[in-house]
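# Understanding the architecture of this molecule
The primary structure of each chain is shown beneath.
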Amino acid sequence: MNTVDLVEVRPCLEGVIPAIMATCALDGTPNVAYISQVFFVDDRHVALSFQFFNKTRQNLMANPRSTVLLLHPLTARFYRLHLRYLRTEESGAVFESMKAQLASIASHSGMSGIFRLLGSDIHEVMEVERVEGDPLPDPPARCSMLGVLRRGSVRLAQCDSLGALLDETMNTLGEDLGIDHAMLLILDPATQRLYTVASRGYPWSGVGSEIALGDGVIGVAARERTPVRIMHMTSAYLYSRAMRESLPGGAVSLPGTDIPYPGLSEPHSQLAVPLLSGGQLMGVLFVESPQDMRFGYEDEDLLVTLAGQLAAAIDLMQESADPPVLAPPRTDPAPVPHKGGPALRVRHYRSNHSVFVNDTYLIKGVAGAILWKLLQDRQRLGRSEFTNRELRLDPALRLPDVADNLEARLLLLHRRLGEQCPQLRIQKTGRGCFRFEASAAVVLEDVAT
């Protein structure tokens, strides 16, 4: 018998090709069934999805021994796993990872009410058998993933701003991993939604577009705080549904305030990795491709490690962003110089802090509230210099006490202004300090509703 290590068959555990499981009743009656998931736990254990109370389940409870037939998705080589059932887990890392992946598949296929994981059946791998045959040649070796990780880590370690962190992450994905489509999203703790702050490879940046926790691959990865990887897809999830939901607290989004989501219309591979620091969810790193089986477990391992360093760096910058001394704001009105040209009509809605410029939607939420404060202070007090600390201390902005992500909100506002309203500009002048400038006259309108 040609036995091998479980690590050799890990590419078979991607869910691309269903596995076949054989069990046996106590009276010797065999049963064969397809299995939705065979999940790699470690080099001696796998987890199988428990979804239905069927004959396979009955046999396992009576006789814990089983055999699973796997097919390698690239070489078409067969492997046979000889297993012994140990236990069923209804919580924990393995269960949450399997649940998230199954929930994502259900979300994309419109079968959320049917695909429900009841538990993760943990099996000991007694033996792995390579079935004799005539397989296809092995795929060509990839570049050194450890080398890619090292270069990406060096890039992040040299960054001194949030914008640089996000840009260098995108550069690592594109230049070292050849990933053409990627996004970085940050969590808004107040609304429990993720908003896009950086992207690459799309016709438009999508900066400011939102995803609710639990929606699609991105939302499920954030909600479950576990990587979610999809290798083959036949339909795309309607992310726009997430962006059109009512905001918390009964504040309904105004018409025309949806920023288009930049994702692929027909993705075939997706991988979402949560950004976690100190047990807190910071956001999600997301990559996708129009190709089937584009992202393997090695890609997942690398991006989880990179995302951990990125999340820690974002968290550290957030803690050290404020300057040690707060300069007192100016209180005397001063003239606001500006160049000629038509004035900007800026309208602010108090209900959700939506801001429109010349009847075109710009931003909403906390970022919208920040912009409105900057515009008011500029008009009333002639101010142009601001600090992060004073924003944090302003009760009107209602920033959360913990993990306010102020730097991410300012970066989001900076990039939205650059794309949609270059006459207004935020320019960083030092640690925790920035300048707000306008190159045109501004007319403000505050709407109570």
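Computed from a prediction, not measured in an experiment: that's the story for all the values here.

Cut-off values and rules
Residues numbered from 1 in each chain as written. Predicted model: local features only at pLDDT ≥ 70, side-chain atom pairs only at ≥ 80, totals over all residues. Heavy atoms only, no water. Core = buried A, V, L, I, M, F, W, Y, C linked by side-chain atoms within 4.5 Å. Buried < 20%, exposed > 50% of the residue type's maximum accessible area, 1.4 Å probe, protein only. Helix = DSSP H or I, 4+ residues; strand = E, 2+ residues; numbered from the N terminus. Contact = heavy atoms within 4.5 Å. Pairing = 2+ DSSP bridges. Axes fitted to C-alpha atoms, helices over the stretch in contact; angles between N-to-C directions. Salt bridge = Lys/Arg side-chain N within 4 Å of Asp/Glu carboxyl O. 1 Å grid on protein atoms, 1.4 Å probe; cavity = no way out; pocket = protein on both sides within 12 Å on 5 of 7 lines; lining within 4 Å. Points joined across faces, edges and corners; volume = space filled by probe spheres on them. Nonpolar A, V, L, I, M, F, W, Y, C, P; charged D, E, K, R; others polar.

What follows concerns the nonpolar core. Counting 68 residues, the largest nonpolar core has Leu 173, Leu 184, Leu 275, Leu 303, Ile 370, Leu 371 and Leu 424 as its most contacted members. Per-element accounting of this core gives the leading share, nine residues, to helix H7 (residues 297-319). When neighbours within four sequence positions are excluded, Leu 275 is seen to be in contact with Leu 184, Leu 185, Gln 280, Leu 281, Met 282, Gly 283, Val 284, Leu 285, Ala 307, Leu 310, Ala 311 and Ile 314. With 21 residues, the next largest nonpolar core counts Val 9, Val 38, Phe 40 and Val 128 among its residues.

Because side chains alternate across strand E5 (residues 65-71), one face comprises the buried residues Ser 66, Val 68 and Leu 70, and the other comprises Arg 65, Thr 67, Leu 69 and Leu 71, none of which is buried. Bridging between strand E1 (residues 19-24) and E5 involves three bridges; their strand directions are antiparallel. Following the sheet pairing, Ile 20 is matched in E5 by Leu 69. By the bridge criterion, seven bridges tie E5 to strand E6 (residues 78-89) in an arrangement that is antiparallel. Each residue of the ladder has a partner; that of Val 68, found in E6, is Leu 81.

Right, let's get into the sheet that holds strand E14 (residues 344-349). A sheet is described by the order of its strands in space; here four strands give the open sequence E16-E15-E14-E20, paired in mixed fashion. The strands lining the two open edges of the sheet, one partner per strand, are strand E16 (360-363) and strand E20 (442-447). Strand-to-strand twist of the sheet, defined as the mean angle between neighbouring strand axes without regard to direction, takes the value 30°. In the sheet, E14 pairs with E20 via six bridges, with the strands oriented parallel. If you follow Leu 344 over to E20, its bridge partner there is Val 442. Lying over the sheet, helix H8 (residues 365-381) contacts E14, strand E15 (354-357), E16 and E20, oriented at roughly 125° with respect to E20.

Turning next to the pattern of salt bridges. If you walk through the whole model with that rule in mind, you get 27 salt bridges. Note that Arg 151 is salt-bridged to Asp 176, the shortest N-O span being 3.4 Å. In this pair, Arg 151 sits in helix H3 (residues 145-157) while Asp 176 sits in helix H4 (residues 162-177), placing the two residues 25 residues apart along the sequence. For the salt bridge of Arg 392 with Glu 407, the shortest nitrogen-to-oxygen distance reads 3.0 Å. Placement of the pair is Arg 392 in helix H9 (residues 388-393) and Glu 407 in helix H10 (residues 406-420), with a sequence separation of 15 residues. By relative accessible area, which is 22% here, Arg 392 ends up partly exposed. You can call Glu 407 buried: its relative accessible area is 15%. One continuous salt-bridge network, built from bridges that share partners, spans Arg 151, Arg 155, Glu 168, Glu 175 and Asp 176.

Here we come to empty space enclosed by the protein. Tallied over the full model, the rule gives two cavities of 30 Å³ or more. Taken as a whole, the second largest cavity holds about 40 Å³ of empty space. Forming the walls of the second largest cavity are Leu 162, Ile 314, Met 317, Gln 318, Asn 405, Glu 407 and Ala 408. Of all the secondary-structure elements, those providing two or more residues to the lining of the second largest cavity are H7 and H10. For the lining of the second largest cavity, the element with the highest residue contribution is H7, accounting for three residues. Looking at the lining of the second largest cavity, its residues break down into four nonpolar, two polar and one charged.

Remember, this is a structural readout, not a statement about activity or role.
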